[in-house]
Amino acid sequence: MLGEVSVFPTLALTLGLILLWLLSSGYFLILIIALGIASISLVVWLAHRMDVVDHESHPVHMALRGLTYFPWLIVEIIKSNLDVAIAIVQGAKAIAPSTIQITASQRSDVGRVTYANSITLTPGTVTMHVDGTIFLVHALTRNSAKGLQTGEMDARVTRLEGPVKIGTEGVG
């Protein structure tokens, strides 16, 4: 709601912008720091005026759980890269395109978007359509389709999402 201050997301945005400013500038002169503070204050104020600072735009509640999820996702991306590379080398006999439906168990829009993006980031699979909890996914090989149907990625994204408060689930 406009005017309602979301302290935790606002603090995360502010700290993130401060870190980005310091890493980008590399100068610690009083004038540069003053301009940085002014710029960050303006951006945070504008973000509040635009009503874009909330638990979805800054899902800091997922940060700690992300420390285990994102390394796992990177390993999955590497494994899928190898699967697609092998399929390319083997030729047409190894490529078996298919369209499958996957049911997502995430309860929030952020969780479902994270799941859909994780599928698309993994080579050989693309989330083509999302309708509530049903995802239409194109898989290039049988292995990539089987990998999604095991439900491991879905379960990991649901753990990443964490508990969802009533009323914050979103409508999508």
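Novice: Please explain the packing of aromatic side chains as it appears in this structure.
Specialist: Two measures describe an aromatic ring pair: the distance that separates the ring centres and the angle between the ring planes. One pass over the full model with this rule turns up three aromatic pairs. With a centroid separation of 5.7 Å and an interplanar angle of 40°, the aromatic rings of Tyr69 and Trp72 are classed as tilted. Separated by three residues within a single helix, Tyr69 and Trp72 lie in helix α3 (residues 63-90), roughly one turn from each other. Per residue, the accessibility class of Tyr69 equals that of Trp72, and both read buried. Linked through ring pairs, Tyr69, Phe70 and Trp72 together constitute an aromatic cluster.

Novice: What should I look at first to understand the sheet that holds strand β1 (residues 98-103) in this one?
Specialist: Strand pairing within a sheet occurs via backbone hydrogen bonds; the two strands may be parallel or antiparallel. Pairing is antiparallel across the open sheet formed by three strands, whose spatial order is β1-β3-β2. Unpaired on one side and paired on the other, β1 and β2 (125-131) mark the two borders of the sheet. Adjacent strand axes in the sheet meet at a mean angle of 25°, parallel and antiparallel pairs treated alike. Pairing of β2 with strand β3 (residues 134-139) involves six bridges; the strand directions are antiparallel. The partner of His129 across the bridge, within β3, is Leu136. Seen against the sheet, helix α5 (residues 142-149) touches β1, β2 and β3 and runs at an angle of roughly 10° to β1.

Novice: Can you walk me through the pattern of salt bridges in this structure?
Specialist: Between side chains of opposite charge, a pair can form when the charged atoms approach closely. On inspection of all chains with the given rule, the structure shows three salt bridges. Across the pair Arg112 and Asp109 runs a salt bridge whose closest N-O atoms are separated by 2.9 Å. One end of the pair is Arg112 and the other is Asp109, both in helix α4 (residues 109-121) and three residues apart, which spans about a single turn. Side by side, Arg112 and Asp109 carry an identical accessibility label, which is buried. Notably, a salt bridge pairs Glu152 with Arg156, separated by 3.2 Å at the nearest N-O pair. Taken together, the positions of Glu152 and Arg156, both in helix α6 (residues 152-161) and four residues apart, correspond to about one turn of that helix. Assessed through its relative accessible area of 36%, Glu152 is described here as partly exposed. On the basis of relative accessibility, which here comes to 25%, the residue Arg156 falls in the partly exposed class.

About the thresholds
The numbers attached to residues start from 1 for each chain and follow its sequence in the written order. Reporting of local features is limited, given that this is a predicted model, to residues whose pLDDT is at least 70; pairs of side-chain atoms are given and counted only at 80 or more, and all residues count toward the totals for whole chains, interfaces and linings. Computation of side-chain values: all heavy atoms of the structure, hydrogens and water removed. Any Phe, Tyr or Trp ring, taking Trp's six-membered ring, that has another such ring centre within 6.5 Å forms a pair; planes under 30 degrees apart are called stacked, those over 60 apart edge-to-face, and the others tilted. Runs of E in the DSSP output that reach at least two residues are strands. Runs of H or I that reach at least four are helices, and both are numbered from the N terminus. Three labels apply to residues, based on accessible area from a 1.4 Å probe with only protein chains included: buried if under 20% of the type maximum, exposed if over 50%, partly exposed otherwise in between. In short, DSSP must find at least two bridges between two strands for them to pair. Fitted lines through C-alpha atoms serve as axes, helices being fitted only where they are in contact, and the angles separating the N-to-C directions of these axes extend from 0 to 180 degrees. Working rule for contacts: check all heavy atoms of both residues, and any pair within 4.5 Å makes them a contact. Any Lys or Arg side-chain nitrogen located within 4 Å of an Asp or Glu carboxyl oxygen qualifies as a salt bridge.

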